[in-house]
Amino acid sequence: LLHNTTDGHGNHKEDSPFLNSTDATKKNDFYDKNLALFEEELDIRPKVSSLLSRLVNYTNITQGAKEHEEEESAEASLRKAPKSPNMGTLMGVYLPCLQNIFGVILFLRLTWIVGTAGIVQSLLIVLMCCSCTMLTAISMSAIATNGVVPAGGAYFMISRSLGPEFGGAVGLCFYLGTTFAAAMYILGAIEIFLKYLVPQGTMTIFHATDPHGGDSAMLNNMRVYGSLCLSLMAVVVFVGVKYVNKLASLFLACVIISIVSIYAGAIKSITHPPEFPICMLGNRTLVRDFDVCAKTVVQGNYTVPSNLSEKFCPLGNMSSAQCDEYFSQNNVTEVQGIPGLASGIIRENMWGDYLQKGEILEKAGLQSVDVHGAMENFAMYVSADIATSFTLLVGIFFPSATGIMAGSNRSGDLRDAQKSIPVGTILAITTTSLVYFSSVVLFGACIEGVVLRDKFGDAVSNNLVVGTLSWPSPWVIVIGSFFSTVGAGLQSLTGAPRLLQAIAKDNIIPFLRVFGHGKANGEPTWALLLTGLIAELGILIASLDMVAPILSMFFLMCYLFVNLACAVQTLLRTPNWRPRFKYYHWALSFLGMSMCLALMFISSWYYAIVAMGIAGMIYKYIEYQGAEKEWGDGIRGLSLSAARYALLRLEVGPPHTKNWRPQLLVLLKLDEDLHVKYPRLLTFASQLKAGKGLTIVGSVIQGNFLDSYGETQAAEQAIKNMMEIERVKGFCQVVVASKVREGIAHLIQSCGLGGMKHNTVVMGWPYGWRQSEDPRAWKTFINTVRCTTAAHLALMVPKNVSFYPSNHERFTDGNIDVWWIVHDGGMLMLLPFLLKQHKVWRKCKMRIFTVAQMDDNSIQMKKDLATFLYQLRIEAEVEVVEMHDSDISAYTYERTLMMEQRSQMLRQMRLSSAERDREVCLSFLQIYTCLCIEYGVSSCSLGPLQAQLVKDRHSLIRMGSLYSDEEEEVAEPPPEKVQMTWTKEKCEAERRNRNNTPENFRELISLKPDQSNVRRMHTAVKLNEVIVNRSHDARLVLLNMPGPPRNTDGDENYMEFLEVLTEGLERVLLVRGGGREVITIYS
C-alpha cells in the first residue's frame, strides 16, 4: 500500500515502500527516488547540486592564511562570510603593476645608463629586460589561469606547479628579492633626500676629510639615514598595514605625475629648452659649485679672478706659477646642459662611453691641451664613481622591469582573476616598456652627453638630472620620486613578511615554522622582524648600484622557474593543464627561461652562482628535511614521464652482465600486531644495496582481500616506517592471499614493472621448525625456494639474522668467508664486494675457499682461482680445502636415523591427530543415536545436528590457522556418510573396537635409514666440520645453498641437511644463483 502525502503547494508526493529509512531528514535530503540506484553512495559522495553550491561559495583566501583545501572544510563554513572580491583589471592588476614596475631606477639611474651605454645599447638593455619580463608574464598568465590561484602569488604558482622543493627554494628567492628591493628603495629615497631635497651638507653626519674621501663619507651617511628610515617604515608596517594600502594610490599618483612632467619638459624643450648651463675647462666637466663660468669677472672697472680661478689658483694670482697647469693652458667654456629635442644632440649620444673609476667626464669635440694637472684639484671635476660596463648596467637596470607579480599577489581581491591577471599584467608591461623606450630616446635627444653621464647632477648645480628636463620645475620630479620610492619601500616591507608567512604556514621548511605565527589579526610579526634584519644588510651595503644586481639575481631566479613551470606543464600535457589564457607556447617559456639565465650571468656571474647555490641548498634541505607534500606538481609528472621512458627502454632486453646488480625482493614476516618480525633483514638489504638499484619489500597477509583492506594499509605503513628507520630506499607491497605460499608465489611473479623487476629474493630462515608439529612452516620455505628456482631468480637466506650487525656498528677487522663449492654465476664473488662498499663491512677482508676432491690438482686450482680473482679485480685471499674420501661415520648414520625416525613419528602424530578429530564427531553422533534407541525414540532428526557439528569443527580449525603464518594445502577427503540406522549390537561393537586400538609407533623401532639420505648427511657433516674449522671466527660466511629434492617426500630431510651444514656458525648467508652469469672479467 502506498501512502500519498501532499506538500504545501498541493502537489502529491509518494513515499516509496521500498526505501525504508528511519531518518526522515536524511531520506528527504539524499534518498531521492530518481537516485535510488546510488543511495548507498550518497553518504560518502555528494550530489552534483551540493558540490556545485560549495564551489560557487568558494572565496580566495588572503595571503598567508590556510590552504584553500582547508577553506572548503565544514569548519570554514561556520565562519563569517568574507566580503566578496570586487576589483577589476584596472584597479586590481594594471595600476599595482605600474606602481611596482616604475621605481627608483627610472628617476635616479636611467639618464646615467643612457649617457654611459649610448642610446643604441640602452635600447638593447631595455629590450632584453622587458622581453624577459614579457615572456615571464605570458607563462605566469598561463599558470594563473589554470584554476583558482589563492593569494600567494609567484610562490603559490611555482610550488603547486613544480612541487614543494622548487616552490620553497624559489619562494625564498622571491622573498629575498622583495626584501632587498625594500633596501634598494630606501637607499634611493635617502639618496634623493641627502643629495637633492636638503641643502648640500646640512644634514650630513660624516664629512670628507680629504678630496678623495667624499664617496666613503656619503656611503656612511646613507647607512645611518637608511637604518633610521628602515626602522621608521617597519614601525609603520607593524602598527597598521591598512594605512600603507590607503596611501598606495597617492604614491602611484606621484609616479604618474613625475613621468608626465618628463614628457611635458621634453616637448617644451623643442622651442624653449630649460636653462641649465654646464661649465667646461678644456674638454673636462667641472662641478658647478661656483657662480660664474669664467676665469675672470668684471667688477666695476676692474677685471678680477672669478670664484673658479680662486679654486685653481690658491693666491688668486692667475699668472702665478702655483696655478693648476691644466687650468692655465685650457679655456673655460659654457655649454647648454639641455639643448632640447631639436638640437641634434642625439647623434652624439647614440654610442656609449664606458668609464673607469675616477675617470673625468670629458666632452668630445672641445679643444683641450692634454696636461695632467694637480691632483689636489681632482675634486673640481665631475668623475665616474664606479667602473662601468654593459653587463653592470644590465644588472642595475633590471629591477626597474620587475614588479610584474603584483597582480597575481592580489588575486584574492579580484572579481575575475583568470581574466584580469593576464590582461592587466601584459598591458602594464607593454606600457612600462613603451615609457622606458621613449625615455631612453628622449633623454638621448634632449640632454648633453656629459650631463647624462653625471650620475648625481654635480655639473648642473646638484640637480637631479632627470629633473632638469621636467616641466614645470625640477622639484616635481624630486618630490614625486621621493614619495614613490618611499611608497615602494613600504609596499615591499608589507609584502615580503606575508610571503615568508605563507611559506612558513605551508610547513615545507621546518626551521621557518616560527615565522608562520603573528599577531591575533594574522599580521606576521616575526616575519617582519626577519625582513627588517635582512633589509638592514642591504642598507649596510649602502650603494644603490651594488644592491640592484643582488635583487636582480633573486627576481631572475624566480622568473626562470615560472617559465620552467609553464614549459614543463605544457610539454607533459598533464590532464589538469587547461589554462584559459591560450596565447602561450612551451618554446616561449623556454626562451624566457634562457633569457633569465643569460641575464643572470650577464649582469653578475658571481652573484648568479651565489643565488643558484642558495636556491640549491634550500632545495636539498626541503628534499631531505621538509614535510612531504603532494600538490600534483609538474615535477612529479616529469618524473612519471621520465620513469615511463626509462622503463620502456629497459624493456628492450635483459641487462648485460656488467650492469647486473641484485634487485631485491625482501620477503618479510609480520607478527600478530603487524610489526616486522625480523627487521635485521631490512638492515642487511640496506647494507647490500647502499641506496643503489631496486628494493621491493613484500609481505603476505592471510585472509580475504575484501575483509583485510584496512589491515593491509596498516601493514604497509608499519613496513614503510621500518624501511625509513633502516634507511632502505625502495617500495613496499603487501598482498592478501588465502594461503601464504600462494601470496609469496604472487609476489615473486608480479612484483616490479617492465625492466625494473627483482632478480634476487631475500627471505628469512624458518626458526623453530624442528620443535613445531606443524609442517607448514618449513613447507612454505621450501616452496619459496622452488618458486625462485622456477622463476630463474637468485635467492639469499640470511641465517641467524638477529646476529647480523646494525647500520651503526663497525667491524674494524675480521673476514668475510666465501665457500665456493659449486659455480652459481658468480653471486658468491659479487655479494662480498657489494657488502664491502658499506661502512659496516668496509674494514673486513675477503677470503675465498673452494673444495678439492682427491682427483683434483689443488695447487693448480689455487693458481687458477687467484688468476680468476685478479681478472675480476677482486682482492681476496684464496685457499683450496682438500676433502679426503672417508668412510661414513657412525655419527652420520645415527644422525640420519634420528632424522628419519623423527619424520616418521611426526607423520604418525599428525595422522593420529586427524583421526582424533574425526572420532570426536562420530562418537558424539553414535552416543546420541544409541540414546535414542535406548529410550525408544523411533526417529531422531540428526541432519541439523550433524551439520552444526561439522560447522563447529571447521570453525575450530579456522581459528587455529589464524595464529599460524602458513596454511598447508591438504586435500580434504570427501566426508564419510554416517550410517544413521543404529542398533544396540552395533553400539556395543563400536565401544569394543575403540578399546582395542593398536599402537601406532611400534614400527619406528625397526626403521632403517635410506642410503641416499646417509650419503647426503655425510656430505653435510663433513662440509660443516671443514667450514667450522676454518671460518668459526669469520664475521660472515657465504655458502652455496643446495637445491631442494625433486621428490617432495624428502622435504623435511632437506631442512635437516641445511641445519647440519650451517651448525656452529654465527652468521651464515645461504646463496643460490639464478642461472645466469652476474660477474665478468671483461671491461
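I will try to describe carefully the structure that is included in this document. Being a predicted model, the structure only gives us computed values, none of them experimental.

Helix and strand content of the protein chain: 34 helices and 17 strands. Every one of the 1083 residues in the protein chain was classed for burial, and the buried ones make up 49%. Intrachain contacts of the protein chain at a sequence separation of at least 6 include 81% that bridge at least 24 residues.

Counting buried residues along strand S14 (residues 845-852), seven of its eight residues qualify, which places the element largely inside the surrounding structure. Taken together, the six bridges between strand S13 (residues 815-820) and S14 define a ladder with parallel strand orientation. Across the sheet, the residue bridging to Trp-819 is Phe-849, located in S14. Strand direction decides the pairing type here: S14 and strand S15 (residues 877-882), joined by six bridges, are parallel. Paired with Ile-848 across the two strands is Val-878, which belongs to S15.

Here we come to the sheet that holds strand S3 (residues 277-281). Pairing is antiparallel in the open sheet, where three strands are placed in the order S4-S3-S7. Two strands lie at the open edges of the sheet, namely strand S4 (284-285) and strand S7 (332-336), each paired on one side alone. Alignment of S3 against S4, held across two bridges, turns out to be antiparallel. Looking at S4, one finds that Met-280 is bridged to Thr-285.

Right, let's talk about the packing of aromatic side chains for a bit. Ring pairs (aromatic) are described by centroid distance and by the angle formed between their planes. The full count for this structure, using the stated rule, is 27 aromatic pairs. Aromatic side chains Phe-397 and Tyr-436 sit 5.3 Å apart centroid to centroid with 75° between the ring planes, which places their arrangement in the edge-to-face category. Here the residue Phe-397 occupies a position in helix H13 (residues 390-397), and Tyr-436 occupies one in helix H15 (residues 417-446), the gap between them amounting to 39 residues. For the pair Phe-397 and Tyr-436, one class covers both residues: buried. Ring centres of Phe-705 and Tyr-709 lie 6.1 Å apart, and the angle between their planes is 85°; this geometry places the pair in the edge-to-face category. Taken together, the ring pairs in this structure connect Phe-174, Phe-398, Phe-555 and Tyr-559 into an aromatic cluster. Here Lys-195 stacks its cationic end above the ring of Phe-456, 4.2 Å away from the centre of that ring.

All right, on to a positive patch on the surface then. Taken together, the side chains of Arg-727, Arg-810, Lys-839, Arg-842 and Lys-843 define a basic patch exposed on the protein surface. Along the polypeptide, Lys-839 turns up in the loop between helix H28 (827-835) and S14. Judged by its relative accessible area of 33%, Lys-839 is partly exposed.

This part covers the pairing of strand S5 (residues 296-299). The sheet contact formed by S5 and strand S6 (residues 302-305) spans four bridges and is antiparallel. Residue pairing across strands places Thr-296 opposite Pro-305, the latter belonging to S6. Between the end of S5 and the start of S6, which pair antiparallel, lie two residues, with Gly-300 showing a positive phi angle near 70°.

The nonpolar side chains of soluble globular proteins are, as a tendency, buried together. Of all hydrophobic cores here, the largest spans 163 residues; its most connected members are Met-184, Phe-397, Met-405, Tyr-436, Phe-443, Ile-447 and Phe-561. Broken down by element, this core gets its largest block of residues, 25 residues, from helix H8 (residues 153-197). The residues that make up this core include at least three from each of domain 1 (277-384) and domain 2 (604-653). With sequence-adjacent residues up to four places away left out, Phe-397 is seen in contact with Ile-105, Leu-110, Ile-113, Ile-125, Val-126, Cys-129 and Tyr-436. In terms of nonpolar packing, the next biggest core, distinct from the first, is built from 53 residues, Leu-670, Val-697, Leu-869 and Val-1071 among them.

Mapped onto the secondary structure, Val-1068 falls in strand S17 (residues 1068-1072). Note: C-alpha distance between Val-1068 and Lys-799 (269 residues apart in sequence) is 5.2 Å. Those residues in contact with Val-1068 that sit more than four places away from it in its chain are Val-797, Pro-798, Lys-799, Tyr-804, Leu-1036, Val-1037 and Thr-1062.

This part is about empty space enclosed by the protein. By the definition in use, this model includes three cavities of 30 Å³ or more. There is about 70 Å³ of room inside the largest cavity. If you go around the largest cavity, the residues you meet are Val-237, Phe-238, Leu-493, Pro-497, Arg-498, Lys-519, Glu-523, Pro-524, Thr-525 and Leu-528. Those elements that provide at least two residues to the lining of the largest cavity are helix H9 (214-239), helix H18 (474-506) and helix H19 (525-541). It is H18 that provides the largest number of residues to the lining of the largest cavity, a total of three residues. Its residues placed into classes, the lining of the largest cavity shows six nonpolar, one polar and three charged. Taken as a whole, the second largest cavity holds about 40 Å³ of empty space. Together, Ser-1031, His-1032, Ala-1034, Val-1037, Gly-1064, Leu-1065, Glu-1066 and Arg-1067 line the second largest cavity.

Residue placement: Thr-285 occurs in strand S4. Discounting chain neighbours no more than four positions away, the residues touching Thr-285 are Cys-279, Met-280, Leu-361, Met-380, Tyr-381, Val-382, Val-450 and Ala-459.

Attention now moves to the packing of helix H7 (residues 110-144) against helix H21 (residues 586-603). Angle between the axes and distance between the axes: these two values describe a pair of packed helices. Following both chains from N to C, one finds H7 and H21 inclined at 140°, their axes separated by 9 Å at the closest point. One way to sum up the angle between H7 and H21 is to call them oblique. Judged by the sense of rotation from one axis to the other, the crossing of H7 with H21 is left-handed. The segment H7 lies against H21, with Met-128, Cys-129, Ser-131, Cys-132, Leu-135, Thr-136 and Ser-139 engaging Leu-588, Ser-589, Leu-591, Gly-592, Met-595, Cys-596, Leu-599 and Ile-602. Its residues placed into classes, the contact of H7 with H21 shows 10 nonpolar, five polar and no charged.

Thresholds applied
- Every chain's residues receive numbers from 1 upward, in the order its sequence appears when written.
- The predicted origin of the model limits local features to residues at a pLDDT of at least 70 and limits the giving and counting of side-chain atom pairs to 80 or more, whereas totals for whole chains, interfaces and linings rest on all residues.
- For side-chain calculations, the full set of non-hydrogen atoms in the structure is used, while hydrogens and water are omitted.
- Runs of E in the DSSP output that reach at least two residues are strands. Runs of H or I that reach at least four are helices, and both are numbered from the N terminus.
- Residue burial is assigned from relative accessible area. The probe radius is 1.4 Å, only protein chains are included, and a residue is buried under 20% of its type maximum, exposed over 50%, and partly exposed in between.
- Here a residue-residue contact requires only that any non-hydrogen atoms of the pair lie within 4.5 Å.
- Each pair of strands is called paired provided DSSP finds at least two bridges between the two strands.
- Each aromatic pair joins two rings of Phe, Tyr and Trp (for Trp, the six-membered one) with centres within 6.5 Å, and gets the label stacked for planes under 30 degrees apart, edge-to-face for over 60, and tilted for any other angle.
- Remark: a charge is flagged as sitting over a ring if the NZ atom of Lys or the CZ atom of Arg is within 6 Å of the ring centre and within 35 degrees of the ring normal.
- A patch is a set of surface residues, each over 30% in relative accessible area and not in a salt bridge, joined within 9 Å for like charges and within 5 Å for the nonpolar side chains Val, Leu, Ile, Met, Phe, Trp and Tyr.
- To be clear on the numbers: accessible area is Shrake-Rupley with a 1.4 Å probe, and residue cover counts the displayed protein chains and nothing else.
- What makes a salt bridge here is a side-chain nitrogen of Lys or Arg within 4 Å of a carboxyl oxygen of Asp or Glu, nothing more.
- In summary, the charge assignment counts Lys and Arg as positive and Asp and Glu as negative, without counting His or the chain termini.
- A charged residue contributes its charge at one atom only: NZ of Lys, CZ of Arg, CG of Asp or CD of Glu.
- Only buried Ala, Val, Leu, Ile, Met, Phe, Trp, Tyr and Cys residues count toward a nonpolar core, and they belong to the same one when joined by side-chain atoms within 4.5 Å.
- Start and end positions for the domains come from either an automated domain assignment or a database one.
- Think of a 1 Å grid over just the protein atoms. A cavity is a set of points where a 1.4 Å probe fits yet cannot get out, a pocket is an open set with protein on both sides within 12 Å along at least five of seven lines, and lining residues have an atom within 4 Å of a point.
- Grid points are joined across faces, edges and corners, and a volume is the space filled by probe spheres set on the points.
- Any residue outside Ala, Val, Leu, Ile, Met, Phe, Trp, Tyr, Cys, Pro, Asp, Glu, Lys and Arg is labelled polar, Gly included; the first ten of those are nonpolar and the last four are charged.
- Geometry is summarised by axes, namely lines fitted to C-alpha atoms with helices restricted to the contacting stretch, and by angles between N-to-C directions that run from 0 to 180 degrees.
- Every angle not falling under 35 degrees, over 145, or within 65 to 115 is termed oblique; those three ranges are roughly parallel, roughly antiparallel and roughly perpendicular.
- Crossing handedness is read from the near helix: turned anticlockwise from the far helix by less than a right angle, it gives a left-handed crossing, and turned clockwise, a right-handed one.

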